[in-house]
Amino acid sequence: MKKVKVAVIGCGTIAPSHINAYTANERTEIKYLVDIRPERAEKLAEKFNVPITADNFRKILNDEEVEAVSICTPNDTHAEIAVACLDAGKHVLCEKPAAINMDQVNEMKAAADRNNRILNIGVVNRYNTAVNRIKDMIDNGELGKVYHVYCSFRAHRSIPGLGGPFTTKSKSGGGVLIDWGVHYLDLIFYSLGQPKILTVSGTAHSELAKNMKDYTYINMWAGPPDYNGTYDVDDFVTGLIRTSGPTISLNGAWAQNIGEEATFVEFLGDKAGIKWQYGGDFKIYSAKDGVLYETIPSYSKTDMFYDEIDGFIQSAMNHVKSRSNIDNVLVTSQVMEALYTSSEKEREVVL
């Protein structure tokens, strides 16, 4: 079998999940690891036996052997790198969010279309076994009419890298919504079969670290605080989305003055309901013949990161758009931008 040669661009926190999946896949071979900090690329190259490292993604553009790339770089670089790689004839898997605003997302899609190349976005929960089980139940009518979905992605005090790229809107595009909420909203739209979005209303708050030196935290997973840096993104977001199907409501927080995590999605149907603990299992609540039931399904699970990479490579090899293709993920970026616009303008946004 001819192996697809791949370049992984960006060797930070998310890169090992891509590298592990490519290494385990018999269809692929990583030729390059790229990072602006050469030591990071070199360290991973030694660990995974990758032959070539580079400090600039443009060094791989003219290598015709490289057919596909993973982009694992900061949000504000996604569009530039993706467009350049697509124009160079490469298929692209770009980590979430697609980009920091819809103008950049549309540029990426246009580049994929004009070059007839695959552009997938790293919304990995579309490959999560539990999510797909839930989607199948909704598709098969087992929940009846699904009339509302609620999601919560709230942590106590967990703002990442205060003062750094995560909390600087020009680099990240936003805070907890674009960082964590993207996963929840995308898996909901996917599970519901991509209903048409009608209106979006939301409010984003930036409160707990507005005085950065006074912010007390439990953890700070993207590096220590930089008190000379910027904090201009949301640490809490709430919203209501009206669709052609169910309504969707959300509450998300990097930081809140409630010392409990709440990370789950609830699908409310008139026959049954489901509560899924994010990243874990789900419960089904139903009633029959005057008896209430609470069911915890047992099922085998697959590695969603492997399945995401395998789906990308098969999509690229066969030129067939998959579930995480940009065409299917545009709605997630549109809704996030609409939530931010609604918050800024203090009004509902019609899509």
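Residues numbered from 1 in each chain as written. Predicted model: local features only at pLDDT ≥ 70, side-chain atom pairs only at ≥ 80, totals over all residues. Heavy atoms only, no water.

Quick look at the overall build of the protein now. Scanning the protein for helices and strands turns up nine helices and 15 strands. Relative to the compact-globule value of 20 Å for 351 residues, the protein shows a C-alpha radius of gyration of 21 Å, a close match. Summarising its shape, the C-alpha atoms of the protein cover approximately 65 × 50 × 35 Å along the three principal directions. The contacts of the protein with a sequence gap of at least 6 include a subset with a gap of at least 24, amounting to 73%. Only carbon and sulfur atoms are counted for the fraction: they give 48% of the accessible area of the protein, which is about 16000 Å². A gap of 2 Å separates the mean positions of the 37 positive and 45 negative side-chain charges of the protein. (Helix = DSSP H or I, 4+ residues; strand = E, 2+ residues; numbered from the N terminus. Rg over C-alpha atoms; globule rule 2.2 N^0.38 Å. Contact = heavy atoms within 4.5 Å. Areas by Shrake-Rupley, 256 points an atom, 1.4 Å probe, with all protein chains shown as cover. Lys, Arg positive; Asp, Glu negative; His and termini not counted. Charge placed at Lys NZ, Arg CZ, Asp CG, Glu CD.)

Another aspect to go through is the pattern of salt bridges. Per the counting criterion, the structure on display carries 20 salt bridges. Among the ionic pairs, Glu39 bridges to Arg37, the shortest N-O distance being 3.6 Å. Glu39 sits in the partly exposed class, given a relative accessible area of 46%. Classification of Arg37 as partly exposed rests on a relative accessible area of 43%. For Asp281, the salt bridge identified is with Lys301, shortest N-O distance 3.0 Å. Of this pair, Asp281 sits in the loop between β12 (272-277) and β13 (282-288) while Lys301 sits in the loop between β14 (291-295) and α8 (304-318), placing them 20 residues apart in sequence. Connected through salt bridges with shared partners, the residues Lys5, Lys31, Asp63 and Glu65 form a single ionic network. (Salt bridge = Lys/Arg side-chain N within 4 Å of Asp/Glu carboxyl O. Buried < 20%, exposed > 50% of the residue type's maximum accessible area, 1.4 Å probe, protein only.)

Put simply, helix α1 (residues 15-24) and α8 touch, their axes get as near as 9 Å, and they point 65° apart. By the angle between their axes, α1 is roughly perpendicular relative to α8. Of the two elements, α1 crosses α8, and the hand of that crossing is right-handed. Between α1, through Ser17, His18, Ala21, Tyr22 and Ala24, and α8, the contact on the second element is made entirely by Phe305, Tyr306, Ile309, Phe312 and Ile313. (Axes fitted to C-alpha atoms, helices over the stretch in contact; angles between N-to-C directions. Parallel < 35°, antiparallel > 145°, perpendicular 65-115°, else oblique. Left-handed = near helix turned anticlockwise from the far one by under 90°.)

Sheet strands pair by backbone hydrogen bonding; their relative direction is either parallel or antiparallel. If you trace the six strands from one edge of the open sheet to the other, you get β3-β2-β1-β4-β5-β6, paired in parallel fashion. The sheet terminates laterally at β3 (52-54) and β6 (119-122), the two strands that pair on one side only. Within this sheet the neighbouring strands show an average axis-to-axis angle of 25°, counted without direction. Looking at chain direction, strand β4 (residues 66-71) and strand β5 (residues 91-95) are connected through four bridges and run parallel. If you follow Ala68 over to β5, its bridge partner there is His91. Along the sheet, helix α3 (residues 78-87) makes contact with β1 (4-9), β4, β5 and β6, crossing β5 at roughly 170°. (Pairing = 2+ DSSP bridges.)

Considering only enclosed or pocket space, the second largest pocket measures out at about 200 Å³ in volume. Every residue lining the second largest pocket is counted, 14 residues in all, and those nearest its centre are Ile100, Asn101, Gly173, Glu337 and Tyr340. Counting only elements with at least two residues in the lining of the second largest pocket, the list comes to α4 (102-115) and α9 (326-345). Per-element accounting of the lining of the second largest pocket gives the leading share, six residues, to α9. (1 Å grid on protein atoms, 1.4 Å probe; cavity = no way out; pocket = protein on both sides within 12 Å on 5 of 7 lines; lining within 4 Å. Points joined across faces, edges and corners; volume = space filled by probe spheres on them.)

Pairing is mixed across the open sheet formed by nine strands, whose spatial order is β14-β13-β12-β11-β7-β10-β9-β8-β15. Every interior strand has two partners, whereas the edge strands, β14 and β15 (349-350), have only one. The pairing of strand β7 (residues 146-154) with strand β11 (residues 262-269) spans eight bridges and is antiparallel. Bridge pairing links Phe153 to Thr263 in β11. Lying over the sheet, helix α7 (residues 176-191) contacts β7, β8 (197-205), β9 (236-243), β10 (247-253), β11 and β12, oriented at roughly 155° with respect to β7.

With respect to the secondary-structure elements, Cys85 resides in helix α3. Among residues more than four places away in sequence, those in contact with Cys85 are Ile9, Leu61, Val69, Lys90 and Val92.

Taking 1.5 Å of rise per residue, 20 residues should cover 28 Å, and α9 covers 28 Å from first to last C-alpha, within 8% of that figure. Two or three places before Asp327, at the start of α9, stands the capping residue Asn325, its side-chain oxygen 2.9 Å from that residue's backbone nitrogen. A positive backbone phi angle near 55° is found at Glu346, which sits one or two residues after α9. (Expected span 1.5 Å × (residues − 1). Polar contact = N/O pair within 3.5 Å; in protein donor to acceptor, adjacent residues only side chain to side chain.)

All right, on to the packing of aromatic side chains then. Evaluation of the coordinates by the stated rule reveals seven aromatic pairs. Seen from their ring centres, Trp276 and Tyr278 are 5.4 Å apart, and the 55° between their planes marks the pair as tilted. By relative accessible area, which is 0% here, Trp276 ends up buried. Judged by relative accessible area, which is 29%, Tyr278 ranks as partly exposed. Pairwise contacts between aromatic rings join Phe153, Tyr184, Trp276 and Tyr278 into one cluster. Over the face of the ring belonging to Tyr340 we find Lys169, whose NZ or CZ atom lies 5.6 Å from the ring centre. (Phe/Tyr/Trp six-rings, centres within 6.5 Å; stacked < 30°, edge-to-face > 60°. Lys NZ or Arg CZ within 6 Å of the ring centre and 35° of its normal.)

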